Amino acid sequence: MRSKVILKKGKEKSIQRRHPWVFSGAIYGVTQELNDGELVDVVDAHNEHLGTGYFSDKGSISVRLLTFGAEPFTPDFWKEKLLAAWTMRQQILDFTQTNAFRVIHGEGDGIPGLIIDFYHNHWVIQAHSTGIFQAMEAIAQAIQQAFPDHCETIYCKSSGTLPQTGTDYFLFGNIPETIAQENGISFHVNWVEGQKTGFFLDQRDNRKLLGFFSKDKKVLNTFCYTGGFSIYAMEAGAELVTSVDISQKAVDLASRNMELNFPGANHTAVASDVFEFMRSHHQHYDVIVLDPPAFAKSIKSKHTATQAYKRLNVAGLKALAPKGILFTFSCSQVIDDVLFYNTVAAAAIESGRTIRVLHKLTQGPDHPTNIYHPEGHYLKGLVLYVE
């Protein structure tokens, strides 16, 4: 018999609308003392069952729901969710050209707290809650059962999201890296040493769009990491491409990926502060990509992050050549679309240039947003034409 989390009267409405989070302030009480990561049933004030999920004693979200209403949580849950998610990816991606994509995107695929990325038959799992971490073995078994022909490695990489879990480790196999394909372009991916799960998959469609603007252009990719935007620009026929990142390790990886696809390309990778680099290359580039890491990790840092995004976009707009194209992004979840747009608009005003918005961008469709959980939308982007 599972423990129950009892909600205050009226607090069941969001769950009835299939929002998967139960906040601590909505809880009236519990039937017995709960442990972090415990699977619990959530009931309303009249003891009507609302759903089942993992309890957390950290942060304001106390329960993340896996099922709603009368739907039971069974041992087949993981396998069924994986197969459903894979079926959707088959409809939105060309598997002959792309074998690197997100299979499970947390709430977007009905499993809050779980990220699973797939790189050419290698699976990387990231837990964002103790309950998910404790289910790691069951999830790995479900992957092997559901995809026996597409499973060479399963790696748990949760130390960055759950520091208390300790060392990352292999659940199956022991291969640390591969060469994966994205829209026919090859990338080295190392899930043991790389950031996050080894690669940033959410920008796939936006990288492809960059290619449309890059032919015969001078392109600057800032915060380049693996050089994704750089390589798409070169594939499209850019005159020259420069990749800049503060990390020498990142620019070395960008160079390695460029060499993998376009040996001898007119590409320069520079380990430098992005602001300093743009100041010293005033109006030199026709296309600039601003894709920084999340400046705001929490609501407390929202104001500071907004100012940082403004400074970055002012610098980018000043550095861009006349009639240039600026791709600018924010992956900070607490910076919503309106705030990001207004921040870029404030930077535009300060730059004094005539600017048009050509595209509004978001994360790729393999990072879906659950319609009942709009918080899952995190990546915002604008493509600007700057006179």
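Remember, predicted model here, so these are calculated numbers, not experimental data. (Residues numbered from 1 in each chain as written. Predicted model: local features only at pLDDT ≥ 70, side-chain atom pairs only at ≥ 80, totals over all residues. Heavy atoms only, no water.)

**A short note on the overall build of the chain**
Line of reasoning, step 1. A tally of helices and strands in the chain yields ten helices and 20 strands.
Line of reasoning, step 2. Scaling as 2.2 N^0.38, a compact globule of 387 residues should have a C-alpha radius of gyration of about 21 Å, and the chain matches this with 22 Å.
Line of reasoning, step 3. In terms of overall dimensions, the chain has a C-alpha envelope of 65 × 45 × 35 Å along the principal axes.
Line of reasoning, step 4. Taken over 387 residues, the chain has a buried fraction of 54%.
Line of reasoning, step 5. Here the contacts in the chain between residues at least 6 apart in sequence split such that 62% fall between residues at least 24 apart.
Line of reasoning, step 6. Just so you have it, the chain exposes about 17,100 Å², and 52% of that area is on carbon and sulfur atoms.
Line of reasoning, step 7. A distance of 8 Å separates the average location of the 36 positive side-chain charges in the chain from that of its 40 negative side-chain charges. (Helix = DSSP H or I, 4+ residues; strand = E, 2+ residues; numbered from the N terminus. Rg over C-alpha atoms; globule rule 2.2 N^0.38 Å. Buried < 20%, exposed > 50% of the residue type's maximum accessible area, 1.4 Å probe, protein only. Contact = heavy atoms within 4.5 Å. Areas by Shrake-Rupley, 256 points an atom, 1.4 Å probe, with all protein chains shown as cover. Lys, Arg positive; Asp, Glu negative; His and termini not counted. Charge placed at Lys NZ, Arg CZ, Asp CG, Glu CD.)

**Digging into the sheet that holds strand β10 (residues 153-156)**
Line of reasoning, step 1. Strand order in the open sheet formed by five strands is β7-β8-β9-β10-β11, and the pairing between neighbours is mixed. Of all strands in the sheet, those with a lone pairing partner are β7 (100-105) and β11 (169-172), marking the two edges. Pairs of neighbouring strands in the sheet enclose a mean axial angle of 25°, with direction left out of account.
Line of reasoning, step 2. Relative to β11, β10 runs antiparallel, the two sharing three bridges. Bridging from a neighbouring strand, Ile154 pairs with Phe172 of β11. (Pairing = 2+ DSSP bridges. Axes fitted to C-alpha atoms, helices over the stretch in contact; angles between N-to-C directions.)

**What to know about the nonpolar core**
Line of reasoning, step 1. Counting residues in each nonpolar core, the largest one holds 35 residues, and the members touching the most others are Trp78 and Trp123.
Line of reasoning, step 2. Elements represented by at least two residues in this core include exactly α2 (77-92), β7, β8 (114-119), β9 (122-127), α3 (130-134), α4 (136-146) and β10.
Line of reasoning, step 3. Take this core: its biggest share by element is six residues, from α4.
Line of reasoning, step 4. Both of domain 1 (4-68) and domain 2 (76-190) provide at least three residues apiece to this core.
Line of reasoning, step 5. By size, the runner-up hydrophobic cluster in this structure holds 32 residues, among which are Phe187, Ala233, Met258 and Phe327. (Core = buried A, V, L, I, M, F, W, Y, C linked by side-chain atoms within 4.5 Å. Domains from an automatic or database assignment.)

**A word on the packing of aromatic side chains**
Line of reasoning, step 1. Counting across every chain of the model gives 24 aromatic pairs.
Line of reasoning, step 2. Ring plane angle 75° and centroid distance 5.5 Å describe the contact between Trp86 and Phe95, whose orientation is recorded as edge-to-face.
Line of reasoning, step 3. On the basis of relative accessibility, which here comes to 30%, the residue Phe95 falls in the partly exposed class.
Line of reasoning, step 4. Ring-pair connections join several aromatic residues into one group, and the members of that group are Trp86, Phe95, Phe101, Phe118, Trp123 and Phe147. (Phe/Tyr/Trp six-rings, centres within 6.5 Å; stacked < 30°, edge-to-face > 60°.)

**Focus: α2**
Structurally, the α-helix is built with 3.6 residues per turn, so residues lying three or four positions apart point the same way.
Line of reasoning, step 1. Its 16 residues give α2 an end-to-end C-alpha distance of 23 Å, which sits within 8% of 22 Å, the value for a rise of 1.5 Å per residue.
Line of reasoning, step 2. For α2, every residue scored as buried is listed here: Phe77, Trp78, Leu82, Ala85, Trp86 and Arg89. Angular distribution of buried residues about the axis of α2 spans 155°; they occupy a single face of the element. (Expected span 1.5 Å × (residues − 1). Arc of directions from axis to C-beta.)

**Some details on the domain arrangement of the chain**
Buried accessible area, meaning the area lost when the parts come together, often serves as the stated size of an interface.
Line of reasoning, step 1. Split into domains, the chain comes out as domain 1 (4-68), domain 2 (76-190) and domain 3 (203-386).
Line of reasoning, step 2. For domain 1 and domain 3, the distance between their C-alpha centres works out to 39 Å.

**Brief notes about the packing of helix α9 (residues 302-319) against helix α10 (residues 337-351)**
Line of reasoning, step 1. With their axes 8 Å apart at the nearest point, α9 and α10 run at an angle of 45° to one another. Judged by the inter-axis angle, α9 sits oblique to α10. Taken as a pair, α9 and α10 cross one another with a handedness that is right-handed. Each of Lys302, Thr306, Tyr309, Lys310, Asn313, Val314 and Leu317 in α9 lies in contact with α10, whose residues at this interface are Leu339, Thr343, Val344, Ala346, Ala347, Ala348, Glu350 and Ser351.
Line of reasoning, step 2. Looking at side-chain class alone, the contact of α9 with α10 contains eight nonpolar, four polar and three charged residues. (Parallel < 35°, antiparallel > 145°, perpendicular 65-115°, else oblique. Left-handed = near helix turned anticlockwise from the far one by under 90°. Nonpolar A, V, L, I, M, F, W, Y, C, P; charged D, E, K, R; others polar.)

**Some thoughts on the pairing of strand β5 (residues 49-55)**
Line of reasoning, step 1. Across the seven residues of β5, six count as buried, placing the element largely inside the fold.
Line of reasoning, step 2. Alignment of strand β4 (residues 39-43) against β5, held across five bridges, turns out to be antiparallel. Across the sheet, the residue bridging to Val43 is His49, located in β5.
Line of reasoning, step 3. Linkage of β4 to β5, two consecutive antiparallel strands, is achieved through a turn of five residues, within which Asn47 is found at a positive phi near 70°.
Line of reasoning, step 4. In this sheet, strand β6 (residues 61-68) lies alongside β5 in antiparallel orientation, the contact comprising five bridges.

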